[in-house]
Each structure stands twice: as structure tokens, then as C-alpha cells.
Amino acid sequence: MNEDIKIAADRHEAHMGEEFVVSIAPPILRRTNRVTDGVAYVLAVDDSWSMNIRADSTNDEFADAADPNDISRKDVAESGVRELAAALPPSARVDVITFAQGSGLRFSGTAEELRRQGTWDGNPETERSRTNIEVALQRAYAQLSGQRAGSRRVVLLSDGLPNFGETDPGRLASLAQDAAVRELHTDVIGIGAGADYDLLVRLAPTGMTEHVASRTTAADAMKQITARLAAYGRDVVAGSGELSLEINPHFQVLGVYQIDPTRRRLDGVLADGGGQRPSKVRLNLGAIAEGHDGQPRYALKLRAPDRVSAGPVPVLKATGRIGSGADARQLAPETFVLRTVNNPLAQNIRPDYAHEIAAADLEQEINERAATAGSDGERERIFEEGVRRARAIPDPDLAAAFQQASGGLREGLQAKDVLNESRATSSRSSTRNKRAWFQHIPVEMPDEIRARRRQRSLDDEDDDSGSYGGSSYAGASYRDGAYRDGAHGDPYGGDPYGSGSGGSYGAGADAPTQPPTHGRGPA
């Protein structure tokens, strides 16, 4: 069996017209798969005047520089930089850039040297009135492109909107996207209510987006975030990867999702075939870390055709690569097949697949509704609804994120601060054991169920040949092991359902495992 690309569905067969989920991931990489050693980070720290606002302020009150206990956003960002340096290998390359109107390189050396130095200079006081994210990214990528490390990442920390240099979100996002193609990946951390989370998400197409809200625990939250980012970056085995999917036009694509390392619905990656040609999905995997914890994972929500198939039919084909250029490793193509049946009780053997999809959809719905709500009271009710619905999935981590958001509103945090924190927290994957997503689950296969039921029916002395389970159902024979005219034809051309999708079967192997509702025969 090909182990390069891992594909698994939440069921062995799907009832006609039914929704189901397919999970897809590249191979699990080990340390021996490493292409290039080394870790290089550029930390771009906002040094505009607003970074001097108190870390826990809900009204933009500035911290008292003379009081060491009065912590500012700048103090929080600097504590995160030090925590990240402490979590990286001592020999990792680390550069620190500060930016406001302009930018400057303030430190360049190893993580060990940064830990010993502990501090760095910032922008001149006369150049701190504006926020120029463009110049920060350009300098960071230029600095990083000169490194030959296998793991190269920029971490951008900012509390505001870009109001100097390039301010268009699309053009700023293109800087990060172009860098990702060159294996320069971006993580972003917003601080306080002024951070533009919508922009920051776009600046991390292959990275992570985090937020530190205006709480008394802001410094601790920042340390946890940067330690998590460092743990991911230091274990990178391949600097890039890509998966390309072609989906049978008979199967409608209802959604494309990233499950790990962040959980989110992906928009703009699907080229819909319109039911005539295969739909196509292209996934930029970003950097891939070692082992199960570093494995990116995706899912498709699909709808089965409204007809019974004449046996297993191809659902999707996956191709891909790990790495880029001369060092790229092409992955062997993998095809996933599934049969569609007239059986509303077709067994779902992996309900956790649907739970993750439901959590991603709920996260997006609740946060979008809260963002457009007319009052904090309405937002609080929306988040409380989210708590109840997340518990029903069940997803306790998502429920806790919504509960934290509701509590933040009651504490008096600004709505934007709460919304930013909720979106960052709820998008973190709650997966604990990714290995289980692709393990074989020992279950009685559909053909085995049908054979057992058929044999039980034949052994029944009171068997009525005109009833379901006997020799026929509504005049449709389904013995001898296959649908009548069981060939399913070309995977993506013609009719993959053959004449077996009509009103009669050739054998029990592909017959429904449960009788249709009254008045419905096989489609």
C-alpha cells in the first residue's frame, strides 16, 4: 500500500446524497527525512508609540515607565522574544528588527547570545508615530533569505493598523505569500484591541496567527504563544510542501478545511469543476515539522451522488511534493475510492472527522456573528450560544474559547480585543492524537454484513422469497456477488455508476444493507 499520501474517510460506503468527510495528509516525516539543518528566525517587533500603552489597559492608558510593575505592550512583546529565544536551540540564528515609520536591525546573532544580551535598542524617538508593516516585512524577508537553514520564519508582533508605507491588505498579504513560495514563513502575534486581526491572518498564509488580549495575564499569554511557535519551528524537517487534489465531478465539494496545525475553513483554494470536470484543490503545506505533531492535515466535506454506484468509484486523486527545487521529493499519486448505496444507516466509523468539521464551521459562524453584533450584550449571548453548541459537538476546547470571550466582555475588554482573542484561540487545533486519524479501525465490512444477513436469510425456514433479505426485493435480483453490469467505467469520464444504478442488482455484495423507505427502490 502506498504510504506517501494518507487518505481516509469517515465511512466505507456512503448513502446516496449523504455528506461525508475525507481526511488527507502528507507522509509523516522523521529526522532522517531532513533536507537542510538549521533554524533561523527574524523577530519583527512594533516600536510605535502605542506599544507603550499598558498591557492590561481597556482605555489606551499609557504605562508609567518609571514603575517596573506597570507593564506595557512593549514589555510584553520583549518578554515573548526572550521566551522564544530560550526555546530555540542555542545555535539557532536570531535577528531582531524593530519598526515604526522605518525599521532597523537591532540584534543579529545566535539564540544563546540573545539570551545573554537580553535587551536591544529601538527606533529613534522621533520615528515612532506611525506603523509601517511593509518595511518590517521587506527587511525581515531580506534578512532571512540570506540564511540557508531548513527552518526559516519571521515572527511579526504588532498592536496596530498599518498607517504608513503600503496599507492595502491585499498587497501586504502578497508579500507574505511570495515569501512562503521561497520557504520563508510568517507567524504573527497581535497585541491589544488595536491589532488588525483580519490583516494579520492574511500575513500568515503558511504560519500561525495569535493574539494577546489586554489582560493582566498578557505577559504569561505571550510567553506561552512564543514558546509554542518556537517548538513548531525548531523541529522543521522540510521547508515547504504541496498537495494537489482532483475530485470526481459526481461528488460535490461542500468545504475545504485545514485541521492541523491550525483549524480553519479554507476559502479560495477550490476550483469548482461545475459538475462537468473534476474540481481541483491546491494546498500549500508550508514548513513540515517532525513526527505526528508536525504533520499538516486537511479535510474535505463532500456530498455523495444521488445514485447508487455499480461498485467502488474513485472519489479523489492526490499528488504532491515535499521540498522544492532540486531537493523536492515527488509523492506517489494516491486515489481514494468509495461506493454509494441506498442505505440511510450506512455506518459512520469515524465520527470525530465530522466533529472537527463542525467545530471549524461553528468557530467561523460564531465569531462572524459576534463581529457584526450591535452591542456587547448581544455578543455575550452569541458566545454563550457558542459554548452550548461546542459542548454538543463535543469540543471542550472550543467551548472554553467561547466562554473566555464571554467572560472578557463582562470584564470590560474592548469588543475588538475579545473578538481577536476568540478567533486566535478557537482556531487552534484540539487534536490530541493525529495518528488515530489514519489508523485502520477494525469493523465488519459492508460486504461481510451483507453476506451474513443473506446467509441468515437463507437459513431461515420461514423465509419469504418476496421480502427484503430473500432472493429478491421489488423484483430486483441481488445475488452472485456484483451489481448487474458492475463496471464503473472511467474514473472521471462517462457514467461511473453504470446500469447498476438502475432498478435491479446482480448480487448481494452491493445491495442495500437496509431496506429503502416505503415507495423507494434502488435509485
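These figures come from a predicted structure and were not determined experimentally. What you see as residue numbers is a count from 1 along each chain, following the sequence as written. It should be noted that, the model being predicted, local features are given only for residues of pLDDT at least 70 and side-chain atom pairs only at 80 or more, the latter also being counted only at that level, while totals for whole chains, interfaces and linings use all residues. Heavy atoms from the whole structure form the basis of all side-chain values; hydrogens and water molecules are not counted.

Right, let's talk about the sheet that holds strand β17 (residues 297-303) for a bit. Spatially, β1-β3-β17-β12-β13 is the arrangement adopted by the five strands of the open sheet, whose pairing is antiparallel. Edge positions in the sheet fall to β1 (6-9) and β13 (264-265), since each of these pairs with one other strand and no more. As paired elements, strand β12 (residues 252-260) and β17 share seven bridges and run antiparallel to each other. Note that in β17 the partner of Val253 across the bridge is Leu302. Whether two residues touch is decided by their heavy atoms; if any such pair falls within 4.5 Å, the residues are in contact. Fitted lines through C-alpha atoms serve as axes, helices being fitted only where they are in contact, and the angles separating the N-to-C directions of these axes extend from 0 to 180 degrees. Only DSSP runs of H or I reaching four residues or more are called helices, and only runs of E reaching two or more are called strands; each is numbered from the N terminus. Across the sheet, helix α7 (residues 351-371) is in contact with β1, β3 (19-25), β12, β13 and β17; its angle to β12 comes to roughly 90 degrees. Whether two strands pair depends on DSSP finding at least two bridges between them.

Moving on, we get to the pattern of salt bridges. Salt bridges are counted wherever a side-chain nitrogen of Lys or Arg sits within 4 Å of a carboxyl oxygen of Asp or Glu. By the definition in use, this model includes 35 salt bridges. Salt-bridge contacts for Asp47 lead to Lys74; the nearest nitrogen and oxygen are separated by 3.0 Å. You can see Asp47 sitting in the loop between β4 (39-46) and α1 (73-87) and its partner Lys74 sitting in helix α1, a full 27 residues away along the chain. For the residue pair Asp47 and Lys74, the accessibility class agrees, reading buried in each case. Note that Glu356 is salt-bridged to Arg263, the shortest N-O span being 3.2 Å. Of this pair, Glu356 sits in helix α7 while Arg263 is found in the loop between β12 and β13, placing the two residues 93 residues apart along the sequence. The exposure classification of Glu356 matches that of Arg263, with both residues buried. Through salt bridges that share partners, Arg54, Asp56, Glu61 and Asp70 make up one connected network. Think of it in three bands: residues with accessible area under 20% of the maximum for their type are buried, residues over 50% are exposed, and the middle band is partly exposed, with areas taken using a 1.4 Å probe on protein chains only.

Aromatic pairing here means that ring centres of Phe, Tyr or Trp (its six-membered ring) are within 6.5 Å. Orientation follows from the plane angle: under 30 degrees is stacked, over 60 is edge-to-face, and everything else is tilted. For the structure on display, the rule yields two aromatic pairs. Taking 6.1 Å as the distance between ring centres and 85 degrees as the angle between the ring planes, the aromatic pair formed by Phe20 and Phe251 counts as edge-to-face. You can see Phe20 sitting in strand β3 and its partner Phe251 sitting in the loop between β11 (241-247) and β12, a full 231 residues away along the chain. An identical accessibility class is assigned to Phe20 and Phe251; each is buried. A centroid spacing of 6.1 Å and a plane angle of 35 degrees characterise the contact between Phe383 and Phe402, whose relative ring orientation is tilted. Separated by 19 residues along the polypeptide, Phe383 in helix α8 (residues 376-392) and Phe402 in helix α9 (residues 396-411) bring together distant segments of the chain. Given a relative accessible area of 0%, Phe383 falls into the buried group. Look at NZ for Lys and CZ for Arg. If either is within 6 Å of the ring centre and within 35 degrees of the ring normal, a charge sits over the ring. It is Arg128 that lies over the ring of Trp49; its NZ or CZ is 5.7 Å from the centre.

Helix span, as expected, comes to 1.5 Å for every residue beyond the first. Under the 1.5 Å per step criterion, the end-to-end length of α1 is 21 Å for 15 residues, consistent within 8% with the ideal 21 Å. Of all 15 residues making up α1, eleven are buried, and the element is well covered by its neighbours.

Moving on: the packing of α7 against helix α10 (residues 415-426). The contact between α7 and α10 brings their axes to 10 Å, and the two run at 175 degrees. What the angle tells us is that α7 and α10 run roughly antiparallel. From α7, Glu363, Asn367, Ala370 and Ala371 reach across to α10, where they touch Leu419, Ser422, Arg423 and Ser426. By the convention adopted, Pro, Cys, Tyr, Trp, Phe, Met, Ile, Leu, Val and Ala count as nonpolar, Lys, Arg, Asp and Glu as charged, and the other residues, Gly among them, as polar. A per-class count over the contact of α7 with α10 returns three nonpolar, three polar and two charged. Working rule for angles: under 35 degrees goes down as roughly parallel, over 145 as roughly antiparallel, 65 to 115 as roughly perpendicular, anything else as oblique.

Another point: the sheet that holds strand β6 (residues 103-110). Backbone hydrogen bonds are what pair the strands of a sheet, in a parallel or an antiparallel way. An order of β6-β5-β4-β7-β8-β9 is seen for the six strands of this open sheet, with the pairing classed as mixed. In this open sheet, the two strands that pair with only one neighbour each are β6 and β9 (209-212). Direction aside, neighbouring strands of the sheet carry axes that sit 15 degrees apart on average. In this structure, strand β8 (residues 185-191) lies alongside β9, joined through four bridges in parallel fashion. Among the inter-strand pairings, Ile189 is bridged to a residue of β9, identified as Glu210. Along the sheet, helix α3 (residues 133-145) makes contact with β4, β5 (93-99), β6, β7 (151-158) and β8, crossing β7 at roughly 160 degrees.

Once that is clear, we can look at unusual backbone geometry. Glycine aside, negative phi is the norm for most residues, and most peptide bonds take the trans geometry. Following Asp260, the chain continues to Pro261 via a peptide bond in cis, the omega torsion being 0 degrees. Mapped onto the secondary structure, Pro261 falls in the loop between β12 and β13. Look at the link from Ile393 to Pro394: it is a cis peptide, with omega at 0 degrees. Examined against the element boundaries, Pro394 turns out to sit in the loop between α8 and α9.

This paragraph deals with the confidence of the model for the chain. Confidence scores per residue from the predictor, reported as pLDDT, run from 0 to 100. With 81% of its residues at a pLDDT of 70 or more, the chain shows a mean pLDDT of 83. Overall, residues 497-523 carries pLDDT values under 50, and its contacts beyond four positions in sequence, including any with other chains, amount to 97 contacts.

What follows is about the layout of surface pockets. A pocket here means an open set of points on a 1 Å grid, computed over the protein atoms alone, that has protein on both sides within 12 Å along at least five of seven lines. A cavity is instead a set of points where a 1.4 Å probe fits but cannot get out; residues with an atom within 4 Å of a point line either one. Grid points are joined across faces, edges and corners, and a volume is the space filled by probe spheres set on the points. When its volume is computed, the largest pocket comes out at roughly 1,400 Å³. Lining the largest pocket are 50 residues, with Val201, Ala204, Pro205, Arg264 and Leu266 positioned closest to its centre. Listing elements by their share of the lining of the largest pocket, those giving two or more residues are α4 (169-181), α5 (197-202), β11, β13, β15 (279-284), α7 and α10. Among the elements that take part in the lining of the largest pocket, α7 stands out by supplying six residues, more than any other. Here the lining of the largest pocket is built from residues that sort into 19 nonpolar, 16 polar and 15 charged.

As a further point, take the pairing of β7. Where burial is concerned, most of β7 is hidden: eight out of the eight residues are buried. Residue alternation in β7 divides its side chains into two sets, Ser151, Arg153, Val155 and Leu157 and Arg152, Val154, Leu156 and Ser158, and both sets are buried. Where β4 meets β7, seven bridges bridge the pair, whose relative direction is parallel. Of the residues in β7, the one forming a bridge with Val45 is Leu157. Across six bridges, β7 lies against β8 in parallel orientation. Among the inter-strand pairings, Leu156 is bridged to a residue of β8, identified as Val188. Crossover handedness for the path β7 to α4 to β8: right-handed. Assignment of crossover handedness uses the view with strands pointing away from the viewer, where a clockwise path from the first strand over the helix to the second indicates a right-handed crossover.

The contact between α8 and α10 brings their axes to 11 Å, and the two run at 20 degrees. Accordingly, the angle class assigned to the pair α8 and α10 is roughly parallel. In terms of crossing hand, the pair formed by α8 and α10 is left-handed. Side by side, α8 and α10 meet where Asp376, Arg379 and Phe383 of the first sit next to Ala415, Val418, Leu419 and Ser422 of the second. In a left-handed crossing the near helix is turned counterclockwise from the far helix by less than a right angle, and in a right-handed crossing that turn is clockwise.

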